Each structure stands twice: as C-alpha cells, then as structure tokens.
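# Residue-level structural notes
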Protein chains: 2
Amino acid sequence: MKNNSSSLGKVYLVGAGPGAVDLITVRGAKLLAKADIVFHDALVDSEILSLCPQAEHVAVGKRCGKLSCAQHFINKRLVDAAQKHQVIVRLKGGDPMLFGRADEEITALKQAGIELEVVPGITAALAGAASLQQSLTLRGVSRSVAFITLAQGTENTNQSKADESQPGNNQTINPIINPITNPNADTLVYYMGRKDAAQIARQLIQQNQPHQATTPVHILEAVSTPKERLWSSTLQELADGKADDWFDSSSPALIMIGAALSHSSENLKSSNPEIHNSLQDCQILANSRRHA
Amino acid sequence: MKNNSSSLGKVYLVGAGPGAVDLITVRGAKLLAKADIVFHDALVDSEILSLCPQAEHVAVGKRCGKLSCAQHFINKRLVDAAQKHQVIVRLKGGDPMLFGRADEEITALKQAGIELEVVPGITAALAGAASLQQSLTLRGVSRSVAFITLAQGTENTNQSKADESQPGNNQTINPIINPITNPNADTLVYYMGRKDAAQIARQLIQQNQPHQATTPVHILEAVSTPKERLWSSTLQELADGKADDWFDSSSPALIMIGAALSHSSENLKSSNPEIHNSLQDCQILANSRRHA
C-alpha cells in the first residue's frame, strides 16, 4: 500500500437522506456530481444515483445481521478505491453516524492513512416528523427524543429468519429486548423495530413512565417516498398487535411514540387505527383520511 | 380572511441545517430560490440567505424564553404573508421538528386554512457527529441516542439573565433540571445545555447507568461553521466545571456524552481536556490536536 497520502483519493461518507432524492444535502449532491466511484448500500433508492451518472456505481448492499465478511469486504473496497480514484463517495441511507455502522469504515480508512470526510444526512425520524407535521419535542410536553434500534448487530444473529416470522411469534420474549435497556425519553423513535413492535409497546406500558396505554403511536413506512404509509393509533393498540398485519416487510418502518405526537387531539379521538398513504401536506392530511 | 384556500399561498417550514450553507437539503435550497418571502430566525446564518436573493427577507429572531407575544407575532405574520404571496418560506435553524417550536406555527397555519409543508433539516447533533467522525450509535456499545434540551420553554423564565450567569453559579440546584426526567439512552446529546453542563454531568455520574466518570464527552460549538470549536474530555472533568470557562456564549453549543464517542481509545488516554478548532477531516483531527 502506498504511504504517500497526497496521491491517495479522499473518501466521503455521505448521508443519502431518507429516500426522496431531493432530501440529500446540497453538499452531498455536489459530491455525487463529481464522484469517480460511488459505493451505495441497499437502503439507498436507485433514483438518487441519477445524481452521479458520471461515476462508477458499486452496490455493496448489506442489511444488518448478515455475515461480517460483508463489512470487511466493503472496508477493503473503499481502501482499494482510494488507490485508484480521487473522489470516492460511500453513500449510506439516512445519516452515516446513526445506525450506519460508519465507524468500521472510518477505522479502516484511518488505518490505511486515507483522508475522509463525513457529510451528514436527514435521518428518517426527522423526515417522518416532517411528513406528520408533528414536532418530536413540544413545549411543556417533550424535552427529549430518543432514536433506538433493537437490531442486535452481532454477526451470528439469524435476522433474516426472524424477519420472516409470523406476527404472533413475538409473544415469545426475545432476549435482545431487555426492558432495562429501553431508553427513557419523552418521545421515542424505533428504527428497524417492526417485528418487535407489539412487545416494545407492552414493555413501555408496563414501565408506565412516561408512556401509557393512551400514548399516541405513528408507524411510518418508506418515509419521504411515493410508497410512504402511515399507521396511527395508541400504544395499547400497538401492544395488542393491531399493527402486525399492516407492516410491509419490504419497506423500512419507523415506530414513533410519545405524547408530543398527539396530532392535534381531535385526530386521535377514535381508538381505531388510522391509515394514510402518501402524506404530502396538511390539506391531504385533513381531507383524505381513510379508516382501516 | 379569505376562505378560498386556492388563492392563498403555501407556507414551507424549512430546516436550514446546522449552519454551513451547503448543509441545507436540495429541496430546501430550491424552495429558497423560488420563495417570495423568507422569514428566518436568529440561529440561521446570514450566508444562507444568499440562496434567496429574489425574496423579501424578514428576521423574526427569537431565542427560547423571550415573551410569547413574539411567537404569536410570527404566527400572525406567516398567516398574513399567505394572503399576499404564493411561496412563503419559514426558515429555521437545524430541523424544524426538533426544538424548533414549529408546532405553534403549524397550528396557526392550519387554523387559518393555509396549506403547509415541512422540509426537514440536518440537526446539529448529526453535523456534530460528522465533524467528530464518531458514530452516535455503535455496535455492541450504543443502540440508542437521545437529543435533549433543558430549556424550560415557559415564557416567564428569565433565560437571558440565566445565560449571563457566571460559571460558578450552576452549583445552585436549578429546579428545571429534575434528575428523574433526565432521559436514559446510550448516547446523549444536549442542546442548549451550556449553563447547566457541570450539573448535568454530576447528575449522570450519580445515576451511574450507563454513564460513568470516565465516559467520553465532546462539546461542539458553532457546528459546521468556520467558528466550530471542540472540547473533548470525560464526564468527570465536565462535572468538575473544567469546561465552564471554555464556552463562548455567543455560539450554540452541543454537549455529546457516551461510550460510543470514545474517538478510538488512544485519543482519550490523557485526562487533559483536548481543544480543537475547525475540524474538517481526519487529517486535521489527527495532526493538529492542541492541548489546553
């Protein structure tokens, strides 16, 4: 490996944002437009690659839980690319520093003496709050929001099997969800929590602080894309498994929980879950609600 | 007020991002470029207004804790603007739905029958993690991150006086920081916590879970701007008031706490706080560390 870092390329870890192509940052878009090569992962929508037609596109798709050699292989490819190219973009869904496992790539690049820069991206929770037109924090109601993943992240977990399990299966206590490690914040946003949603809700109700059976819940799938879908109800309905059949396992889902998300009270007066597609603005929200 | 919403303009609540002009989203930049009028608050850097030279610029600067009539006045101006203009942008620092008090403006606009859309922005914590090149979550270390403000948000709190208080003053127990309401997450990022930093650190050490005296702390001021500054140490040093004299009260500061932020262990082997200016990339991080 060359030690002269001036002859090496620079690697940019760029957050692609939640899905919509125009929710990438201006800085990220400019870097894509001048990239020699772009390594993108599975959560990045192919439309965003239209921002870098000049670049070589390399899919390094990897979902959490697959074999660790996948990550080692990505690290090696990034280091190798810096020997051959000047502008290397590693494009990650959402924000690179939040559930992005960027640390492993950063460590590998630093060890190889390769210059790098991280460009933040809109994380799904913020795009979800924008779609809902609901603040995650609210004066007098919520001073904190926690973003959580229950993904184990160990390489030997059988995630793909678990993803295929039937809704009823999560009655079994899953050892990866320890109630003690549930974060405590006024608003909670779970990433990648689909298969454990009912169990999370039961635990939160049992903990009784600050979330209760009547606390509003919104589940958003495919945030910011044309496939965006919303399920809105309460923590009790979620605990009762009412959302289990609604999930579409092909899309990432966010579970948003908290009193701040009450969606101006009249919207939650019914205990029936409410389902919406393609939230775009408040007119659509107000006028085209469809009941399940 | 006109009831025919088709003749009314549309209001876009746009996140300006953390400060750097190119960390706004592409969508946000395009909306600024076609805006008729832009209402921007105090935390928005003036440089970003260069993206909307054609628009009328209206400063509605308001820091948390000022009189509530300021918010009512902003609400009214937004509603009025929709009678006269077609594209109205309300530009907020960071993300509108996180500590942005957007809910009050959204409610006022909905009540007036005005169409609105929220465009998310890069929140300071994610820009801070990008500058540090440190993931907020880390496999096997951190599965959750909480963003917290201690700002009271009631209108009669004497925030401006408190901001001017001397560092030593926060030995007094401040009633707004109730230990019980401290969120619990693997990584914590406090917004607007400058004057309470030492007290927060003492409480976290006392709580003993999951944060300890040796837990890494990074304080970032003016994230993503040329004035960016970093103070790095441990929770114990923060509790001992070692950061108190370092803060520059004219810049917003983020306090980032958690084992995930260990900055590859060798960087924290000294207990001396480390101070850096203008983090740009890992080369600078590695080569130009200056000790306090």
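For chain A, an unreviewed UniProt entry supplies the name uroporphyrinogen-III C-methyltransferase and the organism Polynucleobacter yangtzensis. A UniProt comment under Sequence similarities (unreviewed entry) is attached to chain A, and it reads "Belongs to the precorrin methyltransferase family." UniProt, in the comment section headed Pathway (unreviewed entry), describes chain A in these words: "Porphyrin-containing compound metabolism; siroheme biosynthesis; precorrin-2 from uroporphyrinogen III: step 1/1."

Here the focus is the overall build of chain A. Across its full length, chain A holds eight helices and 12 strands. Across the 292 residues in chain A, those meeting the buried criterion constitute 59%. Total accessible area computed for chain A in this model is approximately 11800 Å², and 51% of it derives from carbon and sulfur atoms.

Okay, the sheet that holds strand β4 (residues 87-92) of chain A next. All names here are of chain A. Taken in spatial order, the five strands of this open sheet run β3-β2-β4-β1-β5, and their pairing is parallel. With one partner strand each, in any of the chains shown, β3 (56-59) and β5 (116-119) form the two edges of the open sheet. Strand after strand, the sheet turns through a mean of 20° between neighbouring axes, direction not considered. Two elements, strand β2 (residues 37-40) and β3, share four bridges in a ladder whose sense is parallel. The residue bridging Phe39 from the neighbouring strand is Val58, located in β3. Across the sheet, helix α1 (residues 26-34) is in contact with β1 (10-15), β2, β4 and β5; its angle to β4 comes to roughly 130°.

Formed by 84 residues in total, the largest nonpolar core has its most connected members in Leu136 and Phe147 of chain A together with Leu136 and Phe147 of chain B. Once you skip the residues sitting within four places of it in the chain, Phe147 of chain B turns out to touch Arg143, Ser144, Val145 and Phe147 of chain A together with Leu98, Phe99, Thr123, Ala125, Leu126, Leu136, Val189 and Tyr191 of chain B. Grouped together as the second largest cluster of nonpolar side chains are 44 residues, Leu235 and Ala243 of chain A together with Leu235 and Ala239 of chain B included.

Turning our attention to helix α4 (residues 124-132) of chain A. Residues and elements named next belong to chain A. Of all nine residues in α4, nine are buried, a share of seventy percent or more. For α4, the set of buried residues is Ala124, Ala125, Leu126, Ala127, Gly128, Ala129, Ala130, Ser131 and Leu132. Looking one or two residues beyond α4, the residue adopting positive phi is Gln133, at roughly 55°.

Let's shift gears to the environment of Tyr12 of chain B. Residue and element names in this part refer to chain B. Here Tyr12 is to be found in strand β1 (residues 10-15). On the basis of relative accessibility, which here comes to 10%, the residue Tyr12 falls in the buried class. Beyond its immediate sequence surroundings of up to four residues, Tyr12 is in contact with Leu31, Val87, Ile88, Val89, Arg90 and Glu117.

With that settled, consider the relation of the copies chain A and chain B. With an RMSD of 0.0 Å, the fit of chain A onto chain B corresponds to turning through 180° and sliding 0.0 Å along the axis. The transformation relating the two chain copies, once decomposed into turn and shift, fits a two-fold axis. Take the interface residues of chain A: 98% of them recur as interface residues in chain B, which is what a same-surface contact looks like.

A word on the environment of Ala20 of chain B. Tracing the backbone shows Ala20 of chain B in the loop between β1 and α1 (26-34). As for Ala20 of chain B and Thr225 of chain B, which are separated by 205 residues in sequence, their C-alpha atoms are 5.5 Å apart. If near-sequence neighbours (up to four positions away) are discounted, Ala20 of chain B is found in contact with Arg27 of chain A together with Ser224 of chain B.

Moving on to the sheet that holds strand β2 (residues 37-40) of chain B. All names here are of chain B. A sheet is described by the order of its strands in space; here five strands give the open sequence β3-β2-β4-β1-β5, paired in parallel fashion. In this open sheet, the two strands that pair with only one neighbour each are β3 (56-59) and β5 (116-119). Taking the axes of each pair of neighbouring strands and ignoring which way they run, one obtains an average angle of 20° across the sheet. As defined by bridge partners, β2 adjoins strand β4 (residues 87-92) across four bridges and the pair is classed as parallel. Opposite Phe39, over in β4, you have Arg90 as the bridge partner. Relative to β4, α1 is tilted by about 130°, and along the sheet it contacts β1, β2, β4 and β5.

For the rest of this paragraph, the subject is the interface of chain A and chain B. With 64 residues of chain A in contact, the opposing surface of chain B contributes 63 residues. Both sides of the chain A and chain B interface together cover about 5200 Å² of buried area, and 55% of this is carbon and sulfur. Interface area lost by chain A to chain B is led by Met97, Arg139 and Arg143 of chain A, which between them contribute 16%. Our count for the contact surface shared by chain A and chain B stands at four salt bridges. Between Asp22 of chain A and Arg27 of chain B there is a salt bridge; the shortest N-O distance is 2.8 Å. For the pair chain A and chain B, the interface holds 20 residue pairs in polar contact (both at pLDDT 80 or more). Of all the elements in the fold, those that place two or more residues in the side of chain A that touches chain B are α1, α3 (102-111), β5, α4, β6 (144-149) and α8 (282-287) of chain A. Per-element tally for the side of chain A that touches chain B: the top contributor is β6 of chain A, with six residues.

What follows deals with the pairing of β5 of chain A. Residue and element names in this part refer to chain A. Burial along β5 is two-sided: Leu116 and Val118 and Glu117 and Val119, pointing in opposite directions, are all buried. Here β1 runs beside β5; their pairing, made up of four bridges, is parallel. Bridged to Tyr12 within β5 is Glu117.

Under the defined criterion, the tally for this structure stands at seven aromatic pairs over all chains. Feature note: the residues Phe99, Phe147 and Tyr191 of chain A together with Phe99, Phe147 and Tyr191 of chain B constitute an aromatic cluster, connected by ring pairs. The residue whose ring lies beneath Arg229 of chain A is Trp246 of chain A, and the NZ or CZ to ring-centre distance is 4.2 Å.

Residue Met192 of chain A is not a glycine yet carries a positive backbone phi of 60°. Turning to its location among the elements, Met192 of chain A is positioned in the loop between β7 (187-191) and α6 (197-207). At Arg101 of chain B, a residue that is not glycine, the phi angle is positive and equals roughly 50°. With respect to the secondary-structure elements, Arg101 of chain B resides in the loop between β4 and α3 (102-111).

Let us look at the pattern of salt bridges. If you walk through the whole model with that rule in mind, you get 26 salt bridges over all chains. Between Arg101 of chain A and Glu104 of chain A there is a salt bridge whose closest N-O contact spans 3.4 Å. Glu104 of chain A matches Arg101 of chain A in its accessibility class, with the two residues each being buried. The shortest N-O distance in the salt bridge between Glu117 of chain B and Arg27 of chain B comes to 4.0 Å. Here Glu117 of chain B, found in strand β5, pairs with Arg27 of chain B, found in helix α1; they are 90 residues apart in sequence, far enough to count as distant. For the pair formed by Glu117 of chain B and Arg27 of chain B, the shared burial category is buried. Sharing partners across several salt bridges, the network here consists of Lys10, Arg27, Glu115 and Glu117 of chain A together with Asp22 of chain B.

So, how was this worked out
Residues numbered from 1 in each chain as written. Chains lettered and ligands numbered in written order. Predicted model: local features only at pLDDT ≥ 70, side-chain atom pairs only at ≥ 80, totals over all residues. Heavy atoms only, no water. UniProt positions renumbered as here; feature names shortened; annotations may be inferred. Helix = DSSP H or I, 4+ residues; strand = E, 2+ residues; numbered from the N terminus. Buried < 20%, exposed > 50% of the residue type's maximum accessible area, 1.4 Å probe, protein only. Areas by Shrake-Rupley, 256 points an atom, 1.4 Å probe, with all protein chains shown as cover. Pairing = 2+ DSSP bridges. Axes fitted to C-alpha atoms, helices over the stretch in contact; angles between N-to-C directions. Contact = heavy atoms within 4.5 Å. Core = buried A, V, L, I, M, F, W, Y, C linked by side-chain atoms within 4.5 Å. Least-squares fit on C-alpha atoms with pLDDT ≥ 70 in both. Buried area = accessible area lost by both parts, 1.4 Å probe. Salt bridge = Lys/Arg side-chain N within 4 Å of Asp/Glu carboxyl O. Polar contact = N/O pair within 3.5 Å; in protein donor to acceptor, adjacent residues only side chain to side chain. Phe/Tyr/Trp six-rings, centres within 6.5 Å; stacked < 30°, edge-to-face > 60°. Lys NZ or Arg CZ within 6 Å of the ring centre and 35° of its normal.

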